[in-house]
Every structure is written in structure tokens, then in C-alpha cells.
Amino acid sequence: MTGSFEVNLLVVVPGILGLLWSVKEWISVANVKIDGHPDILANQDSKAKTAAADIVVEMIKISKTIQEGAMSFLMAEYTYMAVYIVLFSIFLVFFTGVPTTIAFVVGSITSILCGWIGMKIAVFTNVRTTHQCWKNLSAGFDVAIQGGCVMGLSLVSLGLLALFALIEIFKAYFDFSSSQVMYEAIAGYGLGGSSIALFGRVGGGIYTKAADVGADLSGKNDYGLEEDDYRNPACIADNVGDNVGDIAGMGADLFGSFAESTCAALVLVAASPDLKDSWAGQMYPMLISSAGIVVGLVTLLTQGIFYKVKDMPDVEKALKGILVISTVLMTPV
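Read on for a plain summary of the structure. Everything numeric here is computed off the predicted structure, so don't read it as measured data.

Going through the model one piece at a time under the given rule, you end up with three salt bridges. Salt-bridge contacts for Lys24 lead to Glu25; the nearest nitrogen and oxygen are separated by 3.2 Å. Judged by its relative accessible area of 41%, Lys24 falls in the partly exposed class.

Shown next as C-alpha cells:
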């Protein structure tokens, strides 16, 4: 039988590794210099280097505009989320108690943090992926994978560590009649994550659709600007909405799904006569998630060996290959 200390290590260590890997990949993306690849272009013709410098200036300008717009929208949305968290917490205190309210607030804040990390790395990676694809498709794909895994790994790692810390705090500072009652209170963690996901997905989605309509109706019909013309303000707004809704919102949504399913499994485990008396049994749902982090890291390390990206069809094969590798490794767990 695995002891409590060993079980705790199996939960915490993969979470820390996931966060460290996310930091490593963020640094790798940051080290990509947006310079237009002057050495490569200079070998093509004398005018290419000058033209590349102008293109780089436009790339940086557009990406900065999208980043500023996304941050502005996100901050405005988070203001409303903060009001909602405070008001709904007051409601929960009276009807469910302090522990559930604490779990709800922690889940909400963790969900916001996951969405914010996803949005930041997305706008940071987008322009660098485009820039590296200018060099070759393989370099662009590598940067895209590095940027994408930051949100994926940090989301699960943060969610896992926050939930584990919540369980330990509740065990130490609250007196529950049974472990089932404790895990029912911790279910507020999933509620917080889902609530924030609703704001992120719906708010960002509505903003994106409004921008799409503006790009088609006003930009295209009134001013003759195509909907993907960066001079069309609605084009920038559409990209802002994509970052906020499809990335920050998706990050919060994924966290909400993770938190809900894990909390539900914890409640079921606490109600099971065969599992509730064992700490390893109680932590089984979280051990699955921690194993998933390890599988994700192994997949990232091996996908480049089995799936080389040289042409456009290879991109789809590589993405499906990542799914195949992770599925094969995770299925025995």
C-alpha cells in the first residue's frame, strides 16, 4: 500500500514539473527574434532585406495592437467577474457555508489565471509563429507547439496544485463530519471554474461575432476594406475577440471541465466503501491528472522524433500523431 507521503509526491511533483516546463517553453518562445531573417533573405536578392525590414515593422505594429486590445477587453471583463465573485460569494456563505465559498473563490481565481496565461502566451506566440513560418514550416510549427503547451500544461498543473492545497487546508483547519462532506464543500472549486468559463466564452464569443458583422457590413460595404485587411478596425477587433474568447475563454472552459470532473470524482470516491478509507484511493482522481501531465511531457519530447514537419500535410499528421502518442501512453493509466 502506497503511503500518504508517496501519494502526495505523486500529485505534487508532476504539477511542479508541468509549471517548470511551461516556463521553459515560454522562455523559448521569447527567445525568437523578430528580425525578418536578414541572413537568409540577403542571399536571395538585395531588395529582399529592405522589404523584410518594412514587413517586420508592420508585423510588430499589428501584433502589438491586437495584444493591447485583448488586454483591455480582458481587464474590463475581469472587472465584471470580480463583482460577480463577490456577490455570489455572499450568496454561497448563507446557503452553503464558508468552506464551499472559499473553494468557489479559489476556483474562480485559478480559472481567471489560467485564461490570462493562455491569452498572454497566445498573442505572444502568434506573431513569432508567423515569423518563423517565413523561414520554414518546421520552425513555425515548433514555435506553435511550444506556445500552445504553455497554456495546456500550466492549466492542469495550476488546477491540480490549487485543488490539492485546498484539500490539505480543509483537512487542517475545518472540522468535517466525514470526508464526503469535505469533498462536497470542495466541489465549489469546480463551480468557480465553470462560472468564469461562462464569462470568458460567452463574452469573448459575442465580441468576436460583433466584430465579424462590423468587418462585413461597415468595413467591406462602406469603405471597401476586406474583412481580413488590418486597416479595417473590425479585423483587429475580430482578432482580439479570438484571443479573448477562443483562447482565454477556452482556457477557463478547459479548467472548468477539469475542476468539475475531478471534484465530482472526489465526491464519488468519498462515498465508496472500498476507496474512502485509503488516502491513495481518495487521491486517485488527482493521480490520473498528475499522470496526464507526465504523459503530456513525454509526448512533447517524442513527437518530433516520430512526426517530422516539412510540408503542409505534415502539420495535420503531426497534430494527430500527438493525440495518438498521448492516447497510447495514457490508456494503461
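Continuing now.
Looking now at a nonpolar patch on the surface. On the surface, Val83, Val86, Leu87, Ile90, Phe91, Val93, Phe94, Phe95, Val98 and Ile102 cluster together into a nonpolar patch covering about 990 Å² of accessible area. Secondary-structure elements contributing two or more residues to the nonpolar patch are helix H3 (46-95) and helix H4 (98-135). It is H3 that provides the largest number of residues to the nonpolar patch, a total of eight residues. By the element assignment, Val93 lies in helix H3. The partly exposed category is assigned to Val93, whose relative accessible area is 38%.

One finds Leu163, Ile167, Tyr183, Ile186, Tyr189, Met283 and Met286 to be the most contacted residues of the largest nonpolar core, which totals 41 residues. Broken down by element, the residue count for this core peaks at 13 residues, all from helix H5 (residues 137-173). Core analysis: the next-biggest nonpolar cluster, separate from the first, contains 20 residues, Ala70, Tyr78, Met81 and Phe104 among them.

It is the contact of helix H8 (residues 233-271) with helix H10 (residues 284-306), at a shortest axis distance of 8 Å, that shows an interaxial angle of 145°. Residues Phe258, Thr262, Ala265, Leu266 and Val269 of H8 form the contact with H10, whose participating residues are Pro285, Met286 and Ser289. For the contact of H8 with H10, the class distribution of residues is six nonpolar, two polar and no charged.

Here is what the cut-offs are and how they apply
- Along each chain, residues carry numbers from 1 onward, in the same order as the chain's sequence is written.
- The model is predicted, so local features are restricted to residues of pLDDT at least 70 and side-chain atom pairs to those at 80 or more, both for listing and for counting; the totals for chains, interfaces and linings are taken over all residues.
- The side-chain figures draw on all heavy atoms in the structure; neither hydrogens nor water molecules are used.
- Whenever a carboxyl oxygen of Asp or Glu lies within 4 Å of a side-chain nitrogen of Lys or Arg, that contact is scored as a salt bridge.
- Whether a residue is buried, partly exposed or exposed follows from its accessible area with a 1.4 Å probe, protein chains only, as a fraction of its type maximum: under 20%, in between, or over 50%, in that order.
- Patch members must show over 30% relative accessible area and no salt bridge, and they are joined within 9 Å when carrying like charges or within 5 Å when they are nonpolar side chains of Val, Leu, Ile, Met, Phe, Trp or Tyr.
- In this description, accessible areas are obtained by the Shrake-Rupley approach with a 1.4 Å probe, and a residue is regarded as covered only by the protein chains that are shown.
- Put simply, DSSP marks the helices as runs of H or I at least four residues long and the strands as runs of E at least two long, and each gets a number from the N terminus on.
- In these notes, a set of buried Ala, Val, Leu, Ile, Met, Phe, Trp, Tyr and Cys residues joined through side-chain atoms within 4.5 Å is what counts as a nonpolar core.
- Here an axis means a line fitted to C-alpha atoms, over the contact stretch when the element is a helix, while the angle between two N-to-C directions is reported on a 0 to 180 degree scale.
- Contacts are assigned to residue pairs with any non-hydrogen atoms lying within 4.5 Å of each other.
- Each residue is assigned to one class: nonpolar for Ala, Val, Leu, Ile, Met, Phe, Trp, Tyr, Cys and Pro, charged for Asp, Glu, Lys and Arg, and polar for all the others, Gly among them.

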